[in-house]
Amino acid sequence: MSAKMSEPRDLFLHELGDVLYAERTLVKTLPKLQEEASDEELALGFEEHLDETGQHVKNVELAFEKLGEKPTAEKCPGIEGIKREHDEFLSKESPSQDVLDSFLTGAGARTEHYEIAAYEGLVTMAEAMGETEVVELLTENLEQEKTALEKLKAIGTRLAQNGAKQETHS
Ligand SMILES: [Fe+2]
Ligand SMILES: [Fe+2]
(Lines give C-alpha, C1' and ligand atoms only; values in the text may rest on other atoms or scores of the structure.)
(Ligands and ions follow the chains in the order given, each with its own letter.)
Protein backbone atom coordinates (compact mmCIF):
# COMPACT_ATOMS: atom_id res chain seq x y z
CA MET A 1 0.00 0.00 0.00
CA SER A 2 1.20 3.50 -0.78
CA ALA A 3 1.83 6.13 1.90
CA LYS A 4 -1.22 7.59 3.60
CA MET A 5 -2.44 10.90 2.23
CA SER A 6 -2.79 13.37 5.09
CA GLU A 7 -2.43 16.83 3.51
CA PRO A 8 -5.46 18.77 2.22
CA ARG A 9 -3.23 20.13 -0.54
CA ASP A 10 -2.57 16.58 -1.74
CA LEU A 11 -6.29 15.88 -1.84
CA PHE A 12 -6.75 19.10 -3.81
CA LEU A 13 -4.10 18.02 -6.35
CA HIS A 14 -5.73 14.61 -6.61
CA GLU A 15 -9.15 16.14 -7.31
CA LEU A 16 -7.62 18.58 -9.78
CA GLY A 17 -5.99 15.63 -11.61
CA ASP A 18 -9.32 13.82 -11.60
CA VAL A 19 -11.16 16.72 -13.24
CA LEU A 20 -8.27 17.13 -15.72
CA TYR A 21 -8.79 13.53 -16.80
CA ALA A 22 -12.54 14.12 -17.10
CA GLU A 23 -12.13 17.29 -19.18
CA ARG A 24 -9.60 15.64 -21.52
CA THR A 25 -12.00 12.73 -21.95
CA LEU A 26 -14.81 15.16 -22.83
CA VAL A 27 -12.67 16.85 -25.51
CA LYS A 28 -12.60 13.45 -27.22
CA THR A 29 -16.27 12.57 -26.51
CA LEU A 30 -18.16 15.78 -27.36
CA PRO A 31 -17.56 15.60 -31.15
CA LYS A 32 -19.13 12.13 -31.10
CA LEU A 33 -22.17 13.41 -29.19
CA GLN A 34 -22.48 16.30 -31.62
CA GLU A 35 -22.55 13.84 -34.53
CA GLU A 36 -25.13 11.63 -32.84
CA ALA A 37 -27.52 14.50 -32.09
CA SER A 38 -30.06 15.42 -34.78
CA ASP A 39 -31.73 18.25 -32.85
CA GLU A 40 -30.01 21.40 -34.11
CA GLU A 41 -29.90 23.23 -30.81
CA LEU A 42 -28.53 20.16 -29.04
CA ALA A 43 -25.83 19.53 -31.68
CA LEU A 44 -24.83 23.21 -31.57
CA GLY A 45 -24.78 23.10 -27.76
CA PHE A 46 -22.32 20.18 -27.83
CA GLU A 47 -20.20 22.00 -30.40
CA GLU A 48 -20.05 25.19 -28.33
CA HIS A 49 -19.32 23.28 -25.15
CA LEU A 50 -16.45 21.51 -26.90
CA ASP A 51 -14.77 24.90 -27.40
CA GLU A 52 -15.33 25.74 -23.74
CA THR A 53 -14.06 22.32 -22.69
CA GLY A 54 -10.77 22.97 -24.48
CA GLN A 55 -10.47 26.08 -22.32
CA HIS A 56 -11.39 24.09 -19.20
CA VAL A 57 -8.42 21.79 -19.83
CA LYS A 58 -6.14 24.82 -20.15
CA ASN A 59 -7.50 26.45 -16.98
CA VAL A 60 -6.97 23.26 -14.97
CA GLU A 61 -3.43 22.89 -16.33
CA LEU A 62 -2.81 26.53 -15.43
CA ALA A 63 -4.14 25.92 -11.92
CA PHE A 64 -1.51 23.17 -11.48
CA GLU A 65 1.18 25.56 -12.69
CA LYS A 66 0.05 28.35 -10.33
CA LEU A 67 0.64 25.88 -7.51
CA GLY A 68 4.10 25.06 -8.87
CA GLU A 69 3.00 21.58 -9.91
CA LYS A 70 3.16 19.70 -13.19
CA PRO A 71 -0.36 19.01 -14.59
CA THR A 72 -1.00 15.35 -13.86
CA ALA A 73 -4.24 13.60 -14.82
CA GLU A 74 -5.70 11.05 -12.41
CA LYS A 75 -7.83 8.32 -13.97
CA CYS A 76 -11.47 9.21 -13.27
CA PRO A 77 -13.79 6.16 -13.17
CA GLY A 78 -16.74 8.52 -12.70
CA ILE A 79 -16.56 9.99 -16.19
CA GLU A 80 -15.67 6.57 -17.63
CA GLY A 81 -18.90 5.27 -16.08
CA ILE A 82 -21.04 7.99 -17.66
CA LYS A 83 -19.38 7.20 -21.01
CA ARG A 84 -20.03 3.48 -20.59
CA GLU A 85 -23.71 4.08 -19.82
CA HIS A 86 -23.96 5.96 -23.12
CA ASP A 87 -22.18 3.26 -25.11
CA GLU A 88 -24.22 0.44 -23.58
CA PHE A 89 -27.52 2.27 -24.08
CA LEU A 90 -26.78 2.72 -27.77
CA SER A 91 -25.71 -0.87 -28.36
CA LYS A 92 -28.48 -2.48 -26.26
CA GLU A 93 -31.46 -0.28 -27.08
CA SER A 94 -30.81 0.82 -30.69
CA PRO A 95 -32.80 4.03 -29.95
CA SER A 96 -34.79 5.94 -32.55
CA GLN A 97 -33.34 9.37 -33.37
CA ASP A 98 -35.89 11.17 -31.14
CA VAL A 99 -35.19 8.88 -28.20
CA LEU A 100 -31.46 9.24 -28.81
CA ASP A 101 -31.69 13.06 -28.70
CA SER A 102 -33.52 12.92 -25.37
CA PHE A 103 -31.03 10.38 -24.05
CA LEU A 104 -28.07 12.54 -25.10
CA THR A 105 -29.60 15.52 -23.32
CA GLY A 106 -29.77 13.50 -20.11
CA ALA A 107 -26.25 12.13 -20.53
CA GLY A 108 -25.00 15.68 -21.05
CA ALA A 109 -26.83 16.92 -17.96
CA ARG A 110 -25.35 14.08 -15.88
CA THR A 111 -21.90 15.07 -17.06
CA GLU A 112 -22.44 18.74 -16.18
CA HIS A 113 -23.72 17.83 -12.70
CA TYR A 114 -20.61 15.72 -12.22
CA GLU A 115 -18.31 18.53 -13.31
CA ILE A 116 -20.21 21.09 -11.22
CA ALA A 117 -19.76 18.93 -8.09
CA ALA A 118 -16.05 18.58 -8.86
CA TYR A 119 -15.48 22.31 -9.39
CA GLU A 120 -17.58 23.36 -6.39
CA GLY A 121 -15.42 21.15 -4.19
CA LEU A 122 -12.22 22.41 -5.78
CA VAL A 123 -13.22 26.08 -5.48
CA THR A 124 -14.08 25.60 -1.79
CA MET A 125 -10.69 23.99 -1.16
CA ALA A 126 -8.76 26.61 -3.18
CA GLU A 127 -10.53 29.39 -1.25
CA ALA A 128 -9.55 27.75 2.05
CA MET A 129 -5.96 27.49 0.80
CA GLY A 130 -5.98 31.21 -0.07
CA GLU A 131 -5.13 30.47 -3.72
CA THR A 132 -6.98 33.39 -5.33
CA GLU A 133 -5.76 32.86 -8.90
CA VAL A 134 -6.67 29.19 -8.78
CA VAL A 135 -10.12 30.11 -7.44
CA GLU A 136 -10.62 32.45 -10.42
CA LEU A 137 -9.56 29.85 -13.00
CA LEU A 138 -11.79 27.14 -11.58
CA THR A 139 -14.75 29.48 -11.03
CA GLU A 140 -14.62 30.32 -14.74
CA ASN A 141 -15.00 26.62 -15.54
CA LEU A 142 -17.72 26.17 -12.91
CA GLU A 143 -19.83 29.02 -14.30
CA GLN A 144 -19.62 27.62 -17.85
CA GLU A 145 -20.67 24.17 -16.63
CA LYS A 146 -23.69 25.73 -14.91
CA THR A 147 -24.69 27.59 -18.08
CA ALA A 148 -24.24 24.41 -20.14
CA LEU A 149 -26.47 22.52 -17.70
CA GLU A 150 -29.21 25.18 -17.91
CA LYS A 151 -29.18 24.98 -21.72
CA LEU A 152 -29.40 21.18 -21.63
CA LYS A 153 -32.30 21.35 -19.19
CA ALA A 154 -34.21 23.72 -21.50
CA ILE A 155 -33.59 21.43 -24.49
CA GLY A 156 -34.59 18.40 -22.42
CA THR A 157 -37.88 20.07 -21.47
CA ARG A 158 -38.63 20.96 -25.08
CA LEU A 159 -37.86 17.44 -26.32
CA ALA A 160 -39.93 15.83 -23.56
CA GLN A 161 -42.91 18.06 -24.31
CA ASN A 162 -42.68 17.38 -28.06
CA GLY A 163 -42.40 13.66 -27.37
CA ALA A 164 -45.46 13.68 -25.07
CA LYS A 165 -47.51 15.59 -27.68
CA GLN A 166 -46.62 13.11 -30.41
CA GLU A 167 -47.61 10.24 -28.20
CA THR A 168 -51.12 11.56 -27.41
CA HIS A 169 -51.75 12.19 -31.12
CA SER A 170 -50.70 8.76 -32.30
FE1 LIG B 1 -15.81 21.18 -18.41
FE1 LIG C 1 -19.13 20.54 -19.09
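Provided above is the structure to which this section pertains.
Position labels on residues start from 1 in each chain and follow its written sequence. To label them, take the chains in the order written and letter them from A, then take the ligands in the order written and number them from 1. Predicted model: local features are reported for residues with pLDDT of at least 70 only, side-chain atom pairs are reported and counted for 80 or more only, and whole-chain, interface and lining totals are derived from all residues. Side-chain descriptors were evaluated using all non-hydrogen atoms of the structure, hydrogens and water having been removed beforehand.

Chemist: Can you walk me through the coordination of the iron ion (ligand 1) in this structure?
Modeler: The reference angle at a metal is 109.5 degrees if four donors form a tetrahedron and 90 or 180 degrees if six donors form an octahedron. Donor atoms are limited to N, O and S found within 2.8 Å of the metal ion, a distance that becomes 3.2 Å for Na, K and Ca. With water left out, some sites might look partial. Protein coordination at the iron ion (ligand 1): the donors are E23 (OE), E23 (OE), H56 (ND1), E115 (OE) and E145 (OE), at 2.1 to 2.4 Å from the metal. The motif formed by the donor residues of the iron ion (ligand 1), counted along the single chain, is E-x32-H-x58-E-x29-E. A gap of 3.5 Å separates the iron ion (ligand 1) and the iron ion (ligand 2), which E115 links by coordinating each metal. Here E145 lies in helix 5 (residues 132-169) and E23 lies in helix 1 (residues 8-36), a separation of 122 residues in the sequence. Burial status follows relative accessibility: with a 1.4 Å probe on protein chains alone, a residue under 20% of its type maximum counts as buried, one over 50% as exposed, and anything between as partly exposed. On the basis of relative accessible area, E145 is assigned to the buried category, the value being 0%. Secondary structure elements are defined from DSSP: runs of H or I of at least 4 residues count as helices, runs of E of at least 2 residues count as strands, and each element is numbered from the N terminus.

Chemist: Looking at this structure, how should I read the coordination of the iron ion (ligand 2)?
Modeler: Protein coordination of the iron ion (ligand 2) is provided by H49 (NE2), E112 (OE), E112 (OE), E115 (OE) and E145 (OE), with donor distances spanning 2.0 to 2.6 Å. Read in sequence order, the donor residues for the iron ion (ligand 2) give the motif H-x62-E-x2-E-x29-E.

Chemist: What is the right way to look at the nonpolar core in this model?
Modeler: As a rule of thumb, nonpolar side chains are buried together in soluble globular proteins. Counting residues in each nonpolar core, the largest one holds 23 residues, and the members touching the most others are F12, L16, V60, Y119, L122, V134 and L138. At the level of secondary structure, the elements contributing two or more residues to this core comprise helix 1, helix 2 (40-66), helix 4 (97-129) and helix 5. Examining the composition of this core, we find that seven residues originate from one element, helix 4, more than from any other. Excluding residues that lie within four positions of it along the chain, V60 makes contacts with L16, V19, L20, Y119, L138 and N141. Put simply, buried Ala, Val, Leu, Ile, Met, Phe, Trp, Tyr and Cys residues joined by side-chain atoms within 4.5 Å make one nonpolar core. Core analysis: the next-biggest nonpolar cluster, separate from the first, contains 19 residues, A43, C76, L104 and I155 among them. Contacts are residue-level and defined by heavy atoms, with any inter-residue pair within 4.5 Å sufficient.

By themselves, these are just geometric observations and shouldn't be taken as functional.
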